[in-house]
Amino acid sequence: MPKVLYINHEFAQCGVFQAGDRLGKALQKYQSKHEFNYHNVNSFESYANAFSSYQPDLVFANFFPPTMGWFTKDAVSVTPVPVLSICHETYMLNDILDR
């Protein structure tokens, strides 16, 4: 069964967090097809710890630059599995990917 690491940031008083939290909880309902592990992370180190302890086949991120500014192209490039992301503000995407 494929293992998916779903990451969200830790600022609970944020609409982006709340939308991501609802999605993370909804994804866990599909455990029969995929094994979802939901982590709130606040830095590359906490992301790397979650990744190394879970060893997923895929990372799915609730990405928003102001809340996960550390989740850069470099952070994604050292991740040895595919990374999917929700992109809340598409106008910010090119700037982030160009860093």
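The rules behind each value
- Residues numbered from 1 in each chain as written.
- Predicted model: local features only at pLDDT ≥ 70, side-chain atom pairs only at ≥ 80, totals over all residues.
- Heavy atoms only, no water.
- Core = buried A, V, L, I, M, F, W, Y, C linked by side-chain atoms within 4.5 Å.
- Buried < 20%, exposed > 50% of the residue type's maximum accessible area, 1.4 Å probe, protein only.
- Helix = DSSP H or I, 4+ residues; strand = E, 2+ residues; numbered from the N terminus.
- Contact = heavy atoms within 4.5 Å.
- Pairing = 2+ DSSP bridges.
- pLDDT = per-residue confidence, 0-100.
- Phe/Tyr/Trp six-rings, centres within 6.5 Å; stacked < 30°, edge-to-face > 60°.
- Lys NZ or Arg CZ within 6 Å of the ring centre and 35° of its normal.

Caption draft 1: Highlighting the nonpolar core. If you look at the biggest cluster of nonpolar residues, it comprises 15 residues, and the most contacted ones within it are L5, I7, Y47, V59, M68, W70 and F71. Looking at this core, the elements with two or more residues in it are strand 1 (3–8), helix 2 (44–54) and strand 3 (58–63). Sort the elements by how many residues they give to this core and helix 2 lands first, with four residues. In this structure L5 touches N37, H39, Y47, A50, F51, Y54, P56, L58, V59 and F60, once residues within four positions along its chain are discounted.

Caption draft 2: View of the pairing of strand 1. Across the six residues of strand 1, five count as buried, placing the element largely inside the fold. As judged from the six bridges shared by strand 1 and strand 2 (residues 35–40), these two strands associate in the parallel manner. By the bridge assignment, I7 is partnered in strand 2 with H39.

Caption draft 3: Summary view of the confidence of the model for the chain. With 77% of its residues at a pLDDT of 70 or more, the chain shows a mean pLDDT of 79. Taken element by element, the chain is modelled with least confidence in helix 4 (residues 93–97), mean pLDDT 55, and with most confidence in helix 2, mean pLDDT 94.

Caption draft 4: Up close: the environment of F71. Relative to the helices and strands, F71 resides in the loop between strand 3 and helix 3 (73–77). C-alpha separation for the pair F71 and N42, spaced 29 residues apart in sequence, amounts to 9.6 Å.

Caption draft 5: Region of the structure containing the packing of aromatic side chains. In this structure the tally under the stated criterion is eight aromatic pairs. Taking 6.0 Å as the distance between ring centres and 55° as the angle between the ring planes, the aromatic pair formed by F44 and Y47 counts as tilted. Of this pair, F44 and Y47 both sit in helix 2, three residues apart, which is roughly one turn of the helix. Assessed through its relative accessible area of 2%, Y47 is described here as buried. An angle of 50° between the planes, with centres 6.0 Å apart, marks the rings of F63 and F71 as tilted. The exposure classification of F63 matches that of F71, with both residues buried. Here the aromatic cluster, defined as three or more aromatic residues joined through ring pairs, consists of F44, Y47, F51, F63, W70 and F71. In this structure, K3 is placed above the aromatic ring of Y54, and the distance from its NZ or CZ to the ring centre is 4.7 Å.

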